[in-house]
Amino acid sequence: METDCTRHESAANGGVITPLPAGTRLLHIGPHKTGTTSIQGAMFAVKDRLGGYGVDWPATTRHPMEAVLAACARPGMMGDAGPSEKQWLQLVDKARGAGRRTSVISSEFFADAPDDAVIARIVGQLGRESVHILITLRPLAKVMPSQWQQYVQNGLRMGYEEWLEHMLKKAPYEKPNPSFWHRHRHDRLVERWSRAAGPERVTVVVVDDRDRGGLMRTFESLLGLPADLLQQVPDTANRSLTLAETEMLRNLNKEFRGNDLPEELYSKLVRHGAVMHMKNACSPTAQDVKISTPQWAVEAAAEIGAEMAQRIGTMGVRVLGDPALLSAVPKPPTQASAEPRIAPEVAAQALYGALAAAAAAPIRNTAPVKSRTVHQTSSKELMMVLGHRCLKRLRRR
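Criteria and cut-off values
- Think of each chain on its own: its residues are numbered from 1, step by step along the sequence as written.
- Given that this is a predicted model, residues contribute local features only at a pLDDT of at least 70 and side-chain atom pairs are listed and counted only at 80 or more, while totals for whole chains, interfaces and linings are drawn from all residues.
- With hydrogens and water excluded, all non-hydrogen atoms of the structure serve as input to the side-chain values.
- By salt bridge we mean one thing: a side-chain nitrogen of Lys or Arg within 4 Å of a carboxyl oxygen of Asp or Glu.
- Three labels apply to residues, based on accessible area from a 1.4 Å probe with only protein chains included: buried if under 20% of the type maximum, exposed if over 50%, partly exposed otherwise in between.
- At least two DSSP bridges between two strands are needed for those strands to be called paired.
- The helix count covers DSSP runs of H or I at least four residues long, the strand count covers runs of E at least two residues long, and both are numbered beginning at the N terminus.
- In what follows, residue pairs with any heavy atoms lying within 4.5 Å of each other are defined as contacts.
- An axis is simply a line fitted to the C-alpha atoms; with a helix, the fit covers only the stretch in contact. Between two such axes, the angle follows the N-to-C directions and lies from 0 to 180 degrees.
- Stacked, tilted and edge-to-face are the three classes assigned to paired rings of Phe, Tyr and Trp, where Trp is represented by its six-membered ring and a pair needs centres within 6.5 Å; plane angles under 30 degrees give stacked, over 60 edge-to-face, the rest tilted.
- Along the chain, pLDDT gives the predictor's confidence residue by residue, from 0 to 100.

Some thoughts on the pattern of salt bridges
Here comes step 1: This structure, assessed with the given rule, holds 21 salt bridges.
Here comes step 2: Ionic pairing is found between arginine 257 and glutamate 263, a salt bridge with its closest N-O pair at 3.8 Å.
Here comes step 3: Residue classification places glutamate 263 among the partly exposed positions, given a relative accessible area of 36%.
Here comes step 4: Three or more residues are tied together by salt bridges with common partners; here these are Asp116, Arg185, Asp187, Glu191, Arg195, Glu307 and Arg311.

Observations concerning the sheet that holds strand β3 (residues 102-106)
Here comes step 1: Pairing within the open sheet is parallel, and its six strands lie in the order β2-β3-β1-β4-β5-β6. Only two strands of the sheet have a single neighbouring strand rather than two, namely β2 (55-56) and β6 (318-320).
Here comes step 2: Pairing geometry for strand β1 (residues 25-28) and strand β4 (residues 131-137), over four bridges, is parallel. When the bridges of β4 are listed, histidine 28 appears paired with leucine 134.
Here comes step 3: Running over the sheet, helix α2 (residues 36-45) touches β1, β2, β3 and β4 and is turned about 135 degrees from β3.

Section: unusual backbone geometry
Here comes step 1: Omega for the bond connecting glycine 30 with proline 31 falls within 30 degrees of zero, at 10 degrees, which places this linkage in the cis form.
Here comes step 2: Inspection of the secondary structure puts proline 31 in the loop between β1 and α2.
Here comes step 3: Residue proline 176 is reached from lysine 175 by a cis peptide bond, and omega for that bond is 5 degrees.
Here comes step 4: With respect to the helices and strands, the residue proline 176 is situated in the loop between α8 (160-169) and α9 (179-184).
Here comes step 5: The backbone phi angle of alanine 73 is positive, close to 55 degrees, even though this residue is not glycine.
Here comes step 6: Mapped onto the secondary structure, alanine 73 falls in the loop between α4 (65-71) and α5 (85-96).
Here comes step 7: Look at alanine 73 and you get exposed, because its relative accessible area is 54%.

A few points about the pairing of β1
Here comes step 1: The alternating pattern of β1 places Arg25 and Leu27 and Leu26 and His28 on opposite faces, both of which are buried.
Here comes step 2: Across four bridges, the pairing between β1 and β3 is parallel. The partner of histidine 28 across the bridge, within β3, is serine 106.

What to know about the packing of aromatic side chains
Here comes step 1: Enumeration over the complete set of coordinates arrives at eight aromatic pairs.
Here comes step 2: Ring geometry for tyrosine 160 against tryptophan 163: centres 6.3 Å apart, planes inclined by 20 degrees, an arrangement best described as stacked. On the criterion of helical spacing, the pair formed by tyrosine 160 and tryptophan 163 is a turn pair, its members being three residues apart in helix α8.
Here comes step 3: Classification of tryptophan 163 by relative accessible area gives buried; the value is 0%.
Here comes step 4: Between phenylalanine 180 and tryptophan 181, the aromatic rings sit 4.9 Å apart at their centres with planes inclined by 80 degrees, giving edge-to-face as the arrangement. Exposure class is identical for phenylalanine 180 and tryptophan 181. Each is buried.
Here comes step 5: Through pairs of rings, three or more aromatic residues link up here, namely Trp148, Tyr151, Tyr160, Trp163, Phe180 and Trp181.

A word on the confidence of the model for the chain
Regions with low pLDDT carry predicted coordinates that are not meant to be interpreted in detail.
Here comes step 1: Scored by pLDDT, the chain comes out at a mean of 87, with 85% of its residues at no less than 70.
Here comes step 2: Predicted confidence is poor over residues 1-13, with pLDDT under 50, and the contacts of this stretch with residues over four places away or in other chains come to 20 contacts.
Here comes step 3: Long-range and interchain partners of residues 363-380, a stretch whose pLDDT sits below 50, account for ten contacts in this model, where long-range means more than four residues apart.

If you want it as structure tokens, here you go:
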């Protein structure tokens, strides 16, 4: 028996997508690694042209992350300053002030909203009768490696296969990253937001990675925008790390934690220094080894994906795309992966990024100390001195 969702899906596959009503406040909630950054970049690039088509982008940046973290009562990234509720309320005011224009707010961090009360408050602040929730989904087997390396960028020290064991085999599947299943148990995510907004105000888009422009075209249809207005915007800062880059960072995380250094230092020197500069300065090559998911985990993820797709199909929400993609099992690689090795120039760029970040926070006067050469000083002492100096500068700011 076909559900309403299945009929909507068939219509979408035939190219017929009913645009959202004028004045809708579209909330694109991700979750993470489902094309959110691509949409944010494409929309922000043409934000000054959107008004001519009855669409508004109320955020002043590509991604209003701090405002959304505040809305979801979540802390900032490791070592970053906490978000301000004022930022969220300003964004709400702009969205509500769009009048008959359709306003769009996109952030994968909406998927981190902790409970029904927070979600209901967000929907209520935007005006429940005008809100429409958009959820983009990709297969778990494609999400997992991207999420693992992202967690490593925020301090995780666990290797990929051990992390998969925890996420897929060790109940209650909450360590070391409880946010993973909160975001990526997609049926429960859809259910939480449907309870707040109503299933008739929820659209689920299953992203087909074989159609590189498909997600852009879907957004254009939903918003009544002309075809091909939204285009991919290159964003090296958002690229995934290679296996070698991730392993280098993971080992750095071990040293960092092992020396009890402050989180503010990690934010400044590692995430916004070494990692950001490495991403911007170095592009992966065909020789770089990608993060590979073992077949047992791929099959386990596909089984969970099938269960999630079946449940979503009974919720009365609109589904665009093919839910069967969520349970597809990719073919295993035909050749064994090569040994991951960090290129010297990549390591150099990462080191330079950390040094440049440290140089941006110079210290003023320090008490005279007995002169010692670097090779006479332990690595722990060097890191502590550098951390102390950077923190003094950060606190003065």
